[in-house]
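Chain residues, written in single-letter form:
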Amino acid sequence: MKQTVLFEIKALYRDDFRVTGFTFGSGEPSICIVGSMRGNENQQLFACSRLIRKLTELEEQGRILPGKQILVIPCVNPYSMNIKKRFWTIDNTDINRMFPGYDQGETTQRIAAGVFSAIQDYQYGVQFASFYMPGAFVPHVRMMKTGVSPGSREASSDSQGVLPPTEERGCFPNDVELAQQFGLPYIVLHDPRPFDTTTLNYNWQIWETHAFSIYTTNTQRVDKVSAKQAIEAILNFMEKQEIIRYRGYSGYHSRVIESRDFIPVRAEDSGFFETLVQPGDEVDEGQLLARIYDPYLGTVRCTLHAPAHSTVAFVHDEAMTYQSTAVLKLIPEDQ
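Attention here is on the structure that accompanies the text.

How each quantity is defined
Residues numbered from 1 in each chain as written. Predicted model: local features only at pLDDT ≥ 70, side-chain atom pairs only at ≥ 80, totals over all residues. Heavy atoms only, no water. Helix = DSSP H or I, 4+ residues; strand = E, 2+ residues; numbered from the N terminus. Rg over C-alpha atoms; globule rule 2.2 N^0.38 Å. Buried < 20%, exposed > 50% of the residue type's maximum accessible area, 1.4 Å probe, protein only. Contact = heavy atoms within 4.5 Å. Areas by Shrake-Rupley, 256 points an atom, 1.4 Å probe, with all protein chains shown as cover. Lys, Arg positive; Asp, Glu negative; His and termini not counted. Charge placed at Lys NZ, Arg CZ, Asp CG, Glu CD. Expected span 1.5 Å × (residues − 1). Salt bridge = Lys/Arg side-chain N within 4 Å of Asp/Glu carboxyl O. Polar contact = N/O pair within 3.5 Å; in protein donor to acceptor, adjacent residues only side chain to side chain.

1. A word on the overall build of the chain
- In terms of helices and strands, the chain carries 7 helices and 18 strands.
- In terms of overall size, the chain behaves like a compact globule, its C-alpha atoms giving a radius of gyration of 21 Å where 335 residues would be expected to give roughly 20 Å.
- Taken along its principal axes, the extent of the C-alpha atoms in the chain is 60 × 55 × 40 Å.
- Among the 335 residues that make up the chain, the fraction classed as buried is 52%.
- Long-range contacts, defined here as pairs at least 24 residues apart, represent 72% of the contacts in the chain between residues at least 6 apart.
- Surface exposure of the chain reaches about 15,600 Å², of which carbon and sulfur atoms provide 48%.
- Measuring between centres, the 32 positive side-chain charges of the chain sit 6 Å from its 40 negative side-chain charges.

Given below as structure tokens:
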């Protein structure tokens, strides 16, 4: 293992800002794994730390294949991690909305540019991501439907070309097949919105890296079980890409779904939120999912029920909720 400072900003009053990477093996840049970019992403940092520990063992055992290089960046935003602030400490900007970055721009733009210049040439890119809403997710791989796949630019001028994005999925079949090799329960295909075009995942794809975001159960709280599942998924993927020698779990036969097909269950009122289900639970039509209590009187303001037989994909995990917030997301049975 080689530890390297990938990007650094000199500080006037405190320790310098550094983004540190851990490299395993040598040769072609095969796969890069990025951890926390936000100050509350404790689970993402924890998962990266456990992955680094496992890769250190594999390297010592000679199980990283010759000519393959693995880079792990456990944290892109240590300043915000230090003070437990989700976004950048000074101006509240989000580094994961600044890619590919601008080396003459604002601080978070320069950080994004410095990091991206170090990782843009990797064949595969994996980010431990978190959702923009507070809550717990069923473990899954998420892919942006950019319509760009490695080699597609060169092939676009070739009459033979490459397979176009599938009409029903909007992304390249080989990338969906790659995502299935993680062995996680679900693959979620996401239509990028305008603000998604400045994320790491989107820009990795534009620069022709096979890019995947992995969502574990939690963000702020460490969940060792889902972290281990995500690490096994990445090791399983690397073994299938002939980057490492590893014999792990075979995983799931992943179910491919569209993010737009999630069924949102919204809070009909505000107050204290009590969930009666967890991510991954199967629920029947009409089943009681959650209650919302009056914060002053302690009485039940409303109850939330499943609109159809489905699987719970997301559960709000804050103590209170606003009215009309999507506190649960369900995967319909027929998907």
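Let us keep going from here.
2. Digging into unusual backbone geometry
- Along the chain, phenylalanine 99 connects to proline 100 via a cis peptide bond; the corresponding omega equals 5 degrees.
- Position of proline 100 among the secondary structure elements: in the loop between helix 2 (78-83) and helix 3 (107-119).
- For serine 324, which is not glycine, the phi dihedral falls at a positive 75 degrees.
- Among the structural elements, serine 324 can be located in the loop between strand 17 (320-321) and strand 18 (326-332).
- Serine 324 gets classed as partly exposed once you look at its relative accessible area, which sits at 45%.

3. Focus: helix 1 (residues 42-60)
- Along its 19 residues, helix 1 runs 27 Å from first to last C-alpha, staying within 8% of the 27 Å computed at 1.5 Å per residue.
- Buried within helix 1 we find Gln43, Gln44, Phe46, Ala47, Cys48, Leu51, Ile52, Leu55 and Leu58.
- Where helix 1 is buried, its residues touch strand 2 (17-25), strand 3 (28-36), strand 4 (68-75), strand 5 (124-128) and helix 7 (224-240).
- At the C-terminal side of helix 1, glycine 62 shows a positive phi close to 70 degrees.

4. What to know about the pattern of salt bridges
- As enumerated under the stated definition, the model contains 17 salt bridges in all.
- Of the charged contacts, one joins arginine 260 and glutamate 258 as a salt bridge, the two residues approaching to 3.6 Å between their closest N and O atoms.
- Judged by its relative accessible area of 52%, arginine 260 falls in the exposed class.
- What makes glutamate 258 buried here is its relative accessible area of 3%.
- If you follow the salt bridges from partner to partner, you end up with Glu8, Lys10, Asp15, Asp16 and Arg18 in one network.

5. Considerations on helix 7
- End to end, helix 7 covers 24 Å across 17 residues, agreeing with the expected 24 Å (1.5 Å per residue, within 8%).
- By the criterion of burial, helix 7 is predominantly enclosed, with 12 of the 17 residues buried.
- Buried residues of helix 7: Ser226, Ala227, Gln229, Ala230, Ile231, Glu232, Ala233, Ile234, Leu235, Asn236, Phe237 and Met238, and no others.
- For helix 7, the side-chain oxygen to backbone nitrogen distance between the N-cap and valine 225 is 3.0 Å, and the N-cap itself is aspartate 223.
- Downstream of helix 7 by one or two residues, glutamate 242 has phi in the positive range, about 60 degrees.

This is a description of form; function is not addressed.
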